Amino acid sequence: MFTMNGAQLIVGLLERQGITTIAGIPGGANLPLYDALYQSTRIRHVLCRHEQGAGFLAQGIARSTGAAGVCFATSGPGATNILTAVADAYLDSIPIVCITGQVPSALIGTDAFQEVDTYGMSIPITKHNYLVRSADELLRIIPKAFELALSGRPGPVLIDVPKDIQTATVSFAEWPEPGCRQEPPVADQAMLLEAAAMINRARRPILCLGGGIIHAGAAEEARAVVEKGSLPTAMTLMGLGSLPAGHSLSLGMLGMHAARSTNMALQDCDLFIAAGARFDDRATGKIVEFCPAAHIIHMDIDPSEVSKLKNAHVGLVGDVKESLGRLLPLIGRDERKIWRNRIELLQELYPMASPAAIIPDTPYGLILKVAELAGEECFVATDVGKHQMWTAQVYPFNRPRQLLTSGGLGTMGFGLPAAIGASLAHPERPVILFTGDGSLQMNIQELATAVEQQANIKIIVMNNNSLGLVRQQQNLFYERQFFASDFRIDIDFAAIAKGFGMTAFNAAVDCRLESLLERVMAVKGPCLVNVPIAKEEEVYPMVPPGASNSFMLGGCNAEKCGC
Amino acid sequence: MQKNADVERRQVRAGSAMMVLELTVNNHPGVMSHICGLFSRRAYNLEGIVCVPIANGEISRMWLQINEEQKLDQVIKQVQKLPDVLGIVRHDAGHEIFTGLSTFV
């Protein structure tokens with residue numbers, strides 16, 4: 001018989017799950033949990049400075065490894081603070097297990113100190129959630145939470161644990177098995193045959209790889225299908241890296257800030273194959289005008305995604321790795337010369353960036369220089385805004401999980417703690433963070449965590465002293481009435497970072513950026529460099545929100561397009 | 001494999017014109033919030049609910065009256081995903097449990 005309290009049981013079960021890092025902040029309602037964690041020799045606790053940081057740090061671990069990340073917060077404000085990171089994980093299907101303290105059971109519903117209805121608030125933003133009612137239940141709930149987070153379409157699970165459950169004594173005969181990813185369902189064979197026939201028949205097919213490819217570990221299978229069928233391949237923001245950027249069949253990202261050539265090809269395709277992608281409005285533009293001439297094949301592990309927004313002619317519900325693997329022998333080798341020539345012509349005419357736009361001192365140039373210095377092994381985290389879209393447009397992502405970015409929820413403040421998480425999970429590899437001055441200020445306190453943990457992250461602040469994408473929309477769609485988007489003070493980010501004990505630099509307007517970046521990359525441990533970017537640098541091309549992807553503003557050779 | 005609840009289809013008798021979903025669910029205080037929350041946040045209309053505990057209170061039976069023909073498949077797929085939902089029966093022609101209720105209002 002094993003006898004211990006609920007908190008010790010939780011920590012024991014987490015150890016048995018193989019968890020080695022937990023991000024969190026202690027408070028009144030989860031102190032027993034911290035008392036138990038103090039005894040653990042296997043789990044390292046990372047003290048963050050805000051619960052949202054802890055949630056994103058756990059996401060950084062989960063996104064960079066594919067395993068579940070774990071975070072702790074106390075009741076009340078601790079819980080409400082961490083919910084943004086939980087919602088973010090929900091929209092991007094990231095497996096995290098969030099364990100919150102709650103006021104003692106007897107006080108629930110009395111408006112006790114630091115009491116909020118964490119269970120109720122987390123229902124719509126979790127894959128599943130629990131309010132633990134007895135310490136015994138933990139034996140079932142903790143392994144089940146990991147099973148749910150990792151199985152099928154991954155997602156966050158929240159477990160709310162009242163303080164008296166943490167201190168209650170529990171006895172049990174044997175430890176339960178750790179929860180793990182359950183075997184995914186496989187797609188129907190008849191549907192696979194039909195999909196293969198459609199692909200073989202198509203003259204102008206385009207494949208679109210989404211985040212599901214990365215979650216399923218299906219990049220190799222995808223590449224084999226792409227190459228055998230000569231399928232021009234676009235990626236969603238979440239899918240970047242699943243086909244190397246330099247691959248001859250890669251069209252890069254699709255949607256609002258895609259290369260003109262990519263969206264133009266999509267308008268023209270006769271078959272659109274979505275693999276692990278969910279037809280997000282930022283990817284499709286006005287949905288009724290998306291791929292207007294195309295048949296649709298939709299591969300997804302979540303049956304509710306198929307035909308949710310766009311009717312699929314063939315829906316392959318199941319593990320996308322399995323579906324692609326079984327599709328490979330069924331599709332014919334086809335060079336599709338005419339279609340590929342047509343796309344190559346479009347790409348020559350409308351490249352993502354003109355040669356003039358990729359010299360250092362421009363946003364693209366800066367990103368490409370950093371990519372060159374960082375090498376292929378690095379992870380790249382971004383925050384949310386212009387810098388994120390520029391990075392998505394031109395960074396040469398060459399493998400799954402290389403990019404960590406908040407896609408669905410688009411949470412400013414995601415980048416810094418996520419980068420720390422990736423770095424702690426991969427201490428031997430460099431992590432680059434592209435952020436903006438607006439985003440960085442949303443979780444700037446985590447600079448302290450980065451220094452405390454000596455995380456090997458290099459923070460590139462692309463500083464236009466404004467909320468750049470908001471300003472861009474005001475420029476384009478609100479008669480240039482810039483309101484509440486320009487910051488009126490200039491922050492010395494290098495001085496701030498130094499105040500946290502971090503090595504930091506300010507790039508002067510006339511400095512030699514390349515040699516400065518080389519110095520930054522050579523620093524051991526965390527380092528920040530602040531690079532001024534002109535406010536007027538916009539992200540082009542841009543499809544106005546709600547418009548069809550055929551309607552793009554700006555970008556290279558826009559004037560030649562006549563649309 | 002992570003198994004979603006299966007859907008059974010029954011067209012017993014024409015009661016109310018509105019279709020009814022009959023769910024078997026785990027019985028704990030959060031289940032009703034999960035079901036109702038799913039409907040409200042995805043903008044599906046839920047017209048009526050009847051819920052009773054069964055099997056010594058371990059599980060509950062729940063009848064949902066729905067007026068969402070166009071979105072029905074999507075509604076069902078979303079309900080199926082809830083881990084607390086154990087079984088779903090679809091009554092396309094309504095269910096008699098709602099027919100007598102009008103005498104109380």
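Residues numbered from 1 in each chain as written. Chains lettered and ligands numbered in written order. Predicted model: local features only at pLDDT ≥ 70, side-chain atom pairs only at ≥ 80, totals over all residues. Heavy atoms only, no water.

Draft legend 1. Fine view of the overall build of chain B. Scanning chain B from N- to C-terminus turns up two helices and five strands. Going from the N terminus to the C terminus, chain B shows its helices and strands as β-β-α-β-β-α-β. Computed over the C-alpha atoms, the radius of gyration of chain B is 13 Å, within 12% of the 13 Å expected from 2.2 N^0.38 for a compact globule of 105 residues. Dimensions of chain B, computed from C-alpha atoms along their principal axes, come out at roughly 40 × 35 × 25 Å. A total of 105 residues make up chain B; the buried ones form 42% of that total. When contacts within chain B are restricted to residue pairs at least 6 apart in sequence, long-range pairs at least 24 apart make up 75% of them. Put simply, chain B shows about 5,600 Å² of open surface, and 50% of that area lies on carbon and sulfur atoms. Each charge sign in chain B was given a centre, from 11 positive and 11 negative side chains, and these centres are 5 Å apart. (Helix = DSSP H or I, 4+ residues; strand = E, 2+ residues; numbered from the N terminus. Rg over C-alpha atoms; globule rule 2.2 N^0.38 Å. Buried < 20%, exposed > 50% of the residue type's maximum accessible area, 1.4 Å probe, protein only. Contact = heavy atoms within 4.5 Å. Areas by Shrake-Rupley, 256 points an atom, 1.4 Å probe, with all protein chains shown as cover. Lys, Arg positive; Asp, Glu negative; His and termini not counted. Charge placed at Lys NZ, Arg CZ, Asp CG, Glu CD.)

Draft legend 2. Here's a closer look at the sheet that holds strand β14 (residues 314-317) of chain A. Residue and element names in this part refer to chain A. Pairing within the open sheet is parallel, and its six strands lie in the order β11-β10-β9-β12-β13-β14. What marks the edges here is a single partner per strand, and that holds for β11 (250-253) and β14. Across this sheet, the average inter-strand angle for adjacent strands is 15 degrees, counted without regard to direction. Bridging between strand β13 (residues 295-300) and β14 involves four bridges; their strand directions are parallel. From the neighbouring strand, H298 faces β14, where its bridge partner is G315. Here helix α13 (residues 320-327) sits on the sheet and contacts β12 (271-275), β13 and β14; the angle it forms with β13, its principal contact strand, is near 125 degrees. (Pairing = 2+ DSSP bridges. Axes fitted to C-alpha atoms, helices over the stretch in contact; angles between N-to-C directions.)

Draft legend 3. Structural context of the side chain of A:Q166. Residue and element names in this part refer to chain A. Inspection of the secondary structure puts Q166 in helix α7 (residues 163-167). Of the residues examined, Q166 reaches a relative accessible area of 0% and is grouped as buried. Once you skip the residues sitting within four places of it in the chain, Q166 turns out to touch N5, G6, A7, A29, N30, L31, P32, L33, G101, Q102 and V161.

Draft legend 4. Spotlight on the environment of A:A197. Examined against the element boundaries, A:A197 turns out to sit in helix α8 (residues 189-201). C-alpha of A:A197 to C-alpha of A:G332: the two residues are 135 residues apart in sequence and 9.2 Å apart in space.

Draft legend 5. Structural context of the nonpolar core. Residues and elements named next belong to chain A. Residues I297, L366, Y395, F434 and I460 are the most contacted members of the largest nonpolar core, which totals 68 residues. Examining the composition of this core, we find that six residues originate from one element, helix α15 (residues 363-374), more than from any other. Here this core gathers at least three residues from each of two domains, domain 2 (189-349) and domain 3 (363-532). If you look at the next biggest cluster of nonpolar residues, it comprises 37 residues, including I22, L148, A149 and F172. (Core = buried A, V, L, I, M, F, W, Y, C linked by side-chain atoms within 4.5 Å. Domains from an automatic or database assignment.)

Draft legend 6. Representation of the domain arrangement of chain A within the structure. Residue and element names in this part refer to chain A. Segmenting chain A into domains produces domain 1 (2-172), domain 2 (189-349) and domain 3 (363-532). Here the C-alpha centroids of domain 1 and domain 2 sit 37 Å apart. Between domain 1 and domain 2, the contact holds eight residues from the first and six residues from the second. When domain 1 packs against domain 2, close to 570 Å² is buried across both sides, 58% of that on carbon and sulfur atoms. Across the pair D302 and R153 runs a salt bridge, and its minimum N-O distance is 2.9 Å. (Buried area = accessible area lost by both parts, 1.4 Å probe. Salt bridge = Lys/Arg side-chain N within 4 Å of Asp/Glu carboxyl O.)

Draft legend 7. Quick look at the pattern of salt bridges. According to the stated counting rule, one finds 25 salt bridges over all chains in the structure shown. A:K386 is paired through a salt bridge with A:E538; the nearest N and O atoms lie 2.6 Å apart. Of this pair, A:K386 sits in helix α16 (residues 386-394) while A:E538 sits in the segment after β20 (527-532); the two residues are 152 residues apart in sequence, bridging distant segments of the chain. Each member of the pair, A:K386 together with A:E538, is buried. One salt-bridge network, held together by shared partners, links A:R153, A:D302, A:E305, A:K308 and B:K81.

Draft legend 8. Structural detail: the interface of chain B and chain A. If you look at the interface, chain B gives 16 residues, while chain A gives 20 residues. For the chain B and chain A pair, buried surface summed over both sides reaches about 1,500 Å², with 54% attributable to carbon and sulfur atoms. One can count one salt bridge joining chain B with chain A. A:D302 serves as the salt-bridge partner of B:K81, at 2.6 Å between the closest nitrogen and oxygen.

Draft legend 9. Layout of the packing of aromatic side chains. All names here are of chain A. What the rule picks out here adds up to eleven aromatic pairs over all chains. For the ring pair F172 and W175, a centre distance of 5.0 Å and an interplane angle of 80 degrees mean the geometry is edge-to-face. Here the aromatic rings of F272 and F279 are separated by 5.7 Å at their centres, their planes lie at 65 degrees, and the arrangement is edge-to-face. Each member of the pair, F272 as well as F279, carries the same accessibility label: buried. Grouped by ring-pair contacts, the aromatic residues F2, F172 and W175 constitute a single cluster. (Phe/Tyr/Trp six-rings, centres within 6.5 Å; stacked < 30°, edge-to-face > 60°.)

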